[in-house]
Amino acid sequence: MKIDILTLFPNMFKGVFEESIIKRAIDLGKVEINLINFRDYTTDPHNKVDDTPYGGGAGMVLMCQPIFDCINSIKTSDSVVVMLTPDGVTYKQKVAYDLSKFKHIILLCGHYEGFDERIRSICDMEISIGDYVLTGGEVPAMVLVDSIIRLIPGVINEESHIKDSFNKDYLLDYPTYTKPRIYNGMAVPDVLLSGDHKKIDEYRYNESLKRTTDRRPDLLD
Ligand code: ADE
């Protein structure tokens, strides 16, 4: 898989892609990530990528030309172009699964007051990571990259994401424990030490259901 991230602030991504599972996926050749500064595509003599909004108002608006030229120069028939924007569709695990099937993902990060509305016409999807406004699309792009990369076959043990919260049966994860057996008077449930795998599966399923009912009843719909 190739992921191209279009951003005015490529340095924001450095640490995130140089650690842990994302780094390993890159080293294994499972994913190639390119940070592309769309300012490099502006034809403006002063390197401008934004301008004031028509009709007045606060802030600067990202202009069409650098973004259209950048996307048109890298897009192929295998690409999906995703705009990160607070007014997009709320990101869910199902979307991460769908995106993990693409050969080429282009993530477009906004900044400032937003995008010229016409930029939406060159995007296939508009995604928000939640109902809050961030300073730009860079952190949301990191969220997408992390959640997608771990689903690429061979990046992590498949069993670990099959049992994830928000997997296909939409239940939150069950509680997990490790050593010691008793910590500060809090004991690990006996069933987990029983060696009876049928009982353990049952216990975990019931705990998942209980936790989902308590915390996210909306997922049970
Ligand atoms: N840009 C600013 N806030 C955002 C959000 N919540 N999701 C996606 N992109 C954004």
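That block above? That's the structure.
Given the structure is predicted, the values throughout are model-derived calculations rather than measurements.

So, how was this worked out
Residues numbered from 1 in each chain as written. Predicted model: local features only at pLDDT ≥ 70, side-chain atom pairs only at ≥ 80, totals over all residues. Heavy atoms only, no water. Helix = DSSP H or I, 4+ residues; strand = E, 2+ residues; numbered from the N terminus. Pairing = 2+ DSSP bridges. Salt bridge = Lys/Arg side-chain N within 4 Å of Asp/Glu carboxyl O. Buried < 20%, exposed > 50% of the residue type's maximum accessible area, 1.4 Å probe, protein only. Axes fitted to C-alpha atoms, helices over the stretch in contact; angles between N-to-C directions. Contact = heavy atoms within 4.5 Å.

Undergrad: Mind showing me how you'd approach unusual backbone geometry here?
TA: Leaving glycine out, the prevailing phi sign among residues is negative, and the prevailing peptide bond configuration is trans. The omega torsion of the bond from Lys-179 to Pro-180 falls at 5°, within 30 degrees of zero and hence cis. Among the structural elements, Pro-180 can be located in the loop between helix 6 (158-162) and strand 9 (182-183). Positive phi is not limited to glycine here, since Ser-20 has a value of about 55°. Although it is not a glycine, Asn-184 sits at a positive phi angle of roughly 50°. Checked against the element boundaries, Asn-184 lands in the loop between strand 9 and strand 10 (186-187).

Undergrad: How should the sheet that holds strand 4 (residues 61-62) be read in this particular structure?
TA: Strands in a sheet are paired, the pairing made by backbone hydrogen bonds, and the direction either parallel or antiparallel. Sheet architecture is open: three strands sit in the order 3-4-7, paired in mixed fashion. Lying at the two open borders of the sheet, with one neighbouring strand each, are strand 3 (50-51) and strand 7 (114-115). In this structure, strand 4 lies alongside strand 7, joined through two bridges in parallel fashion. When the sheet's bridge partners are listed, Val-61 is paired in strand 7 with Gly-114.

Undergrad: Where do I start with the pattern of salt bridges in this structure?
TA: Side chains that carry opposite charge are capable of pairing whenever their charged atoms lie near each other. Evaluation of the coordinates by the stated rule reveals ten salt bridges. Asp-116 serves as the salt-bridge partner of Arg-118, at 2.7 Å between the closest nitrogen and oxygen. On the basis of relative accessible area, Arg-118 is assigned to the exposed category, the value being 52%. For Glu-117, the salt bridge goes to Arg-120, with nearest N and O atoms at 3.1 Å. Given the relative accessible area of 54%, Glu-117 is considered exposed. One connected set of salt bridges, linked through shared partners, spans Asp-87, Glu-117, Arg-120 and Glu-126.

Undergrad: Would you explain the sheet that holds strand 1 (residues 2-6) in this entry?
TA: Strand order across the open sheet formed by five strands is 2-1-6-5-8, with parallel pairing between neighbours. Strands with a single pairing partner mark the edges of an open sheet, and in this sheet they are strand 2 (32-36) and strand 8 (125-128). Strand after strand, the sheet turns through a mean of 30° between neighbouring axes, direction not considered. Alignment of strand 1 against strand 6 (residues 104-109), held across five bridges, turns out to be parallel. Pairing of Ile-3 across the sheet is with Ile-105, part of strand 6. Those strands touched by helix 5 (residues 138-149) are strand 1, strand 2, strand 5 (79-90), strand 6 and strand 8, and its axis lies near 160° from that of strand 6.

That's the geometry; what it means functionally is another story.
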